[in-house]
Amino acid sequence: MPTPGALETSSTDSALAPGSARSLLITILGELVWPTGEPVWTATLVHILKGAGFEEQTARQAIARASGSEWIVPERHGREVRWTLSDKLIHIFETGSGRVYSLSDPFSSWDGTWLALWTSIPQSLRGARRPLYAGLTWAGFGNPVPGLWLTPHVERAAEVGRLLDELDLRQHTVAFTGNLDAVGLPREEIVARGWDLDALRTRYEEVWAAMNDLRPAGDDEILTAHIRLVSEWQEFPRVDPQLPEALLPDWVGRRVARRIEAFRAEWTPIVRRRFGELNAV
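Residues numbered from 1 in each chain as written. Predicted model: local features only at pLDDT ≥ 70, side-chain atom pairs only at ≥ 80, totals over all residues. Heavy atoms only, no water.

### Focus on the sheet that holds strand β1 (residues 40–41)
(1) Moving on: Spatial ordering of the open sheet is given by β1-β3-β2, a layout of 3 strands whose pairing is antiparallel. For this open sheet the edge positions go to β1 and β2 (72–77), each flanked by a neighbour on one side alone.
(2) Moving on: In this structure, β1 lies alongside strand β3 (residues 80–85), joined through 2 bridges in antiparallel fashion. Within β3, the residue paired with tryptophan 41 across the bridge is arginine 82. (Pairing = 2+ DSSP bridges. Helix = DSSP H or I, 4+ residues; strand = E, 2+ residues; numbered from the N terminus.)

Below, the structure written as structure tokens:
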């Protein structure tokens, strides 16, 4: 866990969630290592995680667990080790980054069509329930009434099809696309019932307030603030359905995402230069 002293004295301290060493490590790998295509030294990763407030032992445990999960591949050079991203992790970054970058998109092109899904999970496949719900939430589905999942993101049908195949649930699922009819719930009620937007709005407002307090001084503090802010940003697609402007006008999540993008654009040259210095042979 982050050490109290580090969080109390850093000028980047704020209401930003400190995150776990694992989540910040993944952000470092995706934000700093992946774009270079080059390996990263253990010492570099440890230095950055310590700057974020983690003990060295915790940082090294996170690296070891990432290796155990086959996210990074070791290459020993004497007593030192450097790490290359695995194909598995690169695939995760390639498929997930677009979802993060689209958080600021108002999705104004939505034509009113929904993708609807009804799945009956047999007792023999009850273990598929949790990964199904997690996958549907990631794809932006809401659950306004029992058994029915809806999303305005009809372009994600192929993604959902792969999920159903992985869980062996295709033969237990009915899916279709279409518009709402006046005989049923209005779309405002579907939005209210389908997603816990109040809690999400509160978290976005906390992050907005935290960004007001971000005043990192020096390259290392900018690096720490950058990683923490991007790590926070990357968590939102798990809970933000990215509803169109027509369903959720002036959504705070889009404003937060645009502001994070602005910080990221400002800080990236500094952060990548500092990372290159830390990771130099």
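### Focus on the environment of proline 106
(1) Moving on: Tracing the backbone through its elements, the reader meets proline 106 in the loop between α5 (87–101) and β4 (114–119).
(2) Moving on: For the pair proline 106 and threonine 177, spaced 71 residues apart in sequence, the C-alpha separation works out to 21 Å.
(3) Moving on: In contact with proline 106, other than residues within four places in its own chain, are Pro244, Glu245 and Arg254. (Contact = heavy atoms within 4.5 Å.)

### Notes on the environment of aspartate 87
(1) Moving on: In this fold, aspartate 87 is placed in helix α5.
(2) Moving on: A sequence separation of 67 residues divides aspartate 87 from valine 154, and the C-alpha atoms of the two residues are 28 Å apart.

### Some details on the packing of aromatic side chains
(1) Moving on: What the rule picks out here adds up to 7 aromatic pairs.
(2) Moving on: Ring centres of tryptophan 110 and tryptophan 114 lie 5.5 Å apart, and the angle between their planes is 90 degrees; on these two criteria the pair is classed as edge-to-face. In terms of burial, tryptophan 110 and tryptophan 114 fall into one category: buried.
(3) Moving on: Measuring from centroid to centroid gives 4.1 Å for tyrosine 204 and phenylalanine 236, while their planes differ by 20 degrees, and the two rings are stacked. Taken together, the residues tyrosine 204 in helix α9 (residues 197–212) and phenylalanine 236 in the loop between α10 (219–235) and α11 (252–278) connect sequence positions 32 residues apart. The same class applies to tyrosine 204 and to phenylalanine 236, which are both buried.
(4) Moving on: An aromatic cluster of at least three residues, connected via ring pairs, comprises Tyr204, Phe236 and Trp251.
(5) Moving on: Over the ring of tryptophan 41 we find arginine 82; its NZ or CZ atom is 5.8 Å from the centre of that ring.
(6) Moving on: Over the ring of tryptophan 208 we find arginine 259, and its NZ or CZ is 4.4 Å from the ring centre. (Phe/Tyr/Trp six-rings, centres within 6.5 Å; stacked < 30°, edge-to-face > 60°. Buried < 20%, exposed > 50% of the residue type's maximum accessible area, 1.4 Å probe, protein only. Lys NZ or Arg CZ within 6 Å of the ring centre and 35° of its normal.)

### Brief notes about the pattern of salt bridges
(1) Moving on: Counted under the stated rule, the structure contains 17 salt bridges.
(2) Moving on: Close ionic contact of arginine 82 with glutamate 75 constitutes a salt bridge, the shortest N to O distance being 3.1 Å.
(3) Moving on: In this structure, glutamate 235 engages arginine 238 in a salt bridge whose closest nitrogen and oxygen atoms are separated by 3.2 Å.
(4) Moving on: Each of the salt bridges in this network shares a partner with another, and the network as a whole consists of Lys50, Glu56 and Arg60. (Salt bridge = Lys/Arg side-chain N within 4 Å of Asp/Glu carboxyl O.)

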